[in-house]
Amino acid sequence: FGLVELVEGPVKSQTVAQFFKEVGDRFKMRGQIGNSKLYRFVAASFKTFSLNRDYYFYELDYSLLTKYETWMRSKSVSENTLSIHFRTMRSLFNMAIKENIAHEKDYPFKKFIVSKFNTKTNRRAISKSEVRTIESLELEIGSKLYEARQIFLFIYYGQGINFVDIAELKWKNKEQGRIFYIRRKT
């Protein structure tokens, strides 16, 4: 043991790639498939950037993260994707600190600010008049277009209710002219 380990306590010898896999597997075991896929996707991207070199958490510094950002920008990655990648890496680092895999003193996200990425997207909504046009279309009842329009309007008037929540609806969810449901995330 060196002096630093005696003062700060030893950390587990686990690489970033190993911990990415472990965390991805944990999410999968918990049924959080979306999170599992996200962690695996970010891990694969970072692995490609680093030409298969594996890093320890103390090596993830401001300079390396800036190089990774530059590499992703050279691949025309969007601001939203950049934000997602670096939020995921920050989250992974935070977990590594909690699990004694990384030291807090090595935390690079005090300098490398994730909120710098512009995640505002242009509105893509259609206008109310366009919705009214769709609503007034004369369609054959029972046709696929008719059913698609009905579902679209239900989603629109349901303020964006998602397909999973629609599929889970029961008659008991209707009460006094309103629909009550608990939103499912996945």
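In every chain, residue numbers begin from 1 and rise along the written sequence. With pLDDT at 70 or above as the cut-off, local features in this predicted model cover only qualifying residues; side-chain atom pairs require 80 or more to be listed or tallied, and sums for whole chains, interfaces and linings still use all residues. To obtain the side-chain values, all non-hydrogen atoms of the structure were included, while hydrogens and water were left out.

## A closer look at the overall build of the protein
Then comes step 1: In this description a helix means any DSSP run of H or I spanning at least four residues, a strand means any run of E spanning at least two, and both kinds are numbered starting from the N terminus. Scanning the protein from terminus to terminus reveals 8 helices and 2 strands.
Then comes step 2: The secondary structure elements of the protein, listed N-terminal to C-terminal, are α-α-α-α-α-α-α-α-β-β.
Then comes step 3: Here the globule rule is a power law, 2.2 Å times the number of residues to the power 0.38, and the radius of gyration is based on C-alpha atoms. In terms of C-alpha radius of gyration, the protein reaches 23 Å, well past the compact-globule figure of 16 Å for 186 residues.
Then comes step 4: Its C-alpha atoms put the protein at 75 × 40 × 25 Å along the principal axes.
Then comes step 5: Each residue is placed in one exposure class: buried if its accessible area under a 1.4 Å probe, protein chains only, is under 20% of its type's maximum, exposed if it is over 50%, and partly exposed if it falls in between. In the protein, which comprises 186 residues, the share counted as buried stands at 28%.
Then comes step 6: Working rule for contacts: check all heavy atoms of both residues, and any pair within 4.5 Å makes them a contact. Within the protein, counting contacts between residues at least 6 apart in sequence, those at least 24 apart form 52% of the total.
Then comes step 7: Here the protein contributes 33 positively and 20 negatively charged side chains, and the mean placements of these two sets differ by 1 Å. In this count, Lys and Arg are taken as positive residues and Asp and Glu as negative ones, while His and the chain termini are left out. Every charge is mapped to an atom, namely NZ of Lys, CZ of Arg, CG of Asp or CD of Glu.

## Some points on the confidence of the model for the protein
Then comes step 1: Residues with a pLDDT of 70 or more make up 93% of the protein, whose mean pLDDT is 90.
Then comes step 2: When mean pLDDT is taken per element in the protein, helix α4 (residues 62-74) scores highest with 97 and helix α1 (residues 3-8) scores lowest with 50. Known as pLDDT, the predictor's per-residue confidence is scaled from 0 to 100.

## Here's the deal with a nonpolar patch on the surface
Then comes step 1: On the surface, a cluster of nonpolar side chains totalling about 260 Å² of accessible area is made up of F154, I179 and Y181.
Then comes step 2: Mapped onto the elements, F154 comes out in helix α7 (residues 144-157). Surface patches are drawn from residues lacking salt bridges whose relative accessible area is over 30%; two like charges belong together within 9 Å, two nonpolar side chains (Val, Leu, Ile, Met, Phe, Trp, Tyr) within 5 Å. We get accessible surface area from the Shrake-Rupley algorithm with a probe of 1.4 Å; when it comes to residues, only the shown protein chains can shield them. Whenever Lys or Arg places a side-chain nitrogen within 4 Å of a carboxyl oxygen from Asp or Glu, that contact is recorded as a salt bridge.

## Thoughts on the packing of aromatic side chains
Then comes step 1: Any two of the Phe, Tyr and Trp rings considered here, Trp counted by its six-membered ring, make a pair once their centres fall within 6.5 Å; the pair's planes then place it as stacked at under 30 degrees, edge-to-face at over 60, or tilted in between. If you walk through the whole model with that rule in mind, you get 22 aromatic pairs.
Then comes step 2: Taking 6.4 Å as the distance between ring centres and 50 degrees as the angle between the ring planes, the aromatic pair formed by F112 and F117 counts as tilted.
Then comes step 3: Classification of F112 by relative accessible area gives buried; the value is 0%.
Then comes step 4: Just above the ring of F112 sits the side chain of K116; from NZ or CZ to the centre is 4.2 Å. The rule for a charge over a ring is simple: NZ of Lys or CZ of Arg within 6 Å of the ring centre, and within 35 degrees of the ring normal.

## A word on the nonpolar core
Nonpolar side chains in soluble globular proteins generally cluster together in the buried interior.
Then comes step 1: Only buried residues count toward a nonpolar core. Its members are Ala, Val, Leu, Ile, Met, Phe, Trp, Tyr and Cys residues joined through side-chain atoms within 4.5 Å. F57, F86 and M89 are the most contacted members of the largest nonpolar core, which has 30 residues in total.
Then comes step 2: Sorting the residues of this core by element identifies α2 (16-29), α3 (33-49), α4 and α5 (79-98) as the ones contributing at least two each.
Then comes step 3: It is α5 that provides the largest number of residues to this core, a total of 7 residues.
Then comes step 4: Residue contacts for F57: discarding those within four places in its chain leaves Q14, T15, V16, F19, L92, F93, A96, I101 and A102.

## Some words on the side chain of E69
Then comes step 1: Secondary-structure assignment places E69 in helix α4.
Then comes step 2: Polar contacts, as used here, are pairs of N or O atoms within 3.5 Å; protein pairs need one atom able to donate a hydrogen and one able to accept it. Residues neighboring in sequence count only if both atoms are side-chain atoms. A polar contact of 2.9 Å, which involves the side chain of E69, links it to the side chain of K116.
Then comes step 3: Every residue in contact with E69, bar those within four places of it in the chain, is listed here: L82, F86, F112, K116 and F117.

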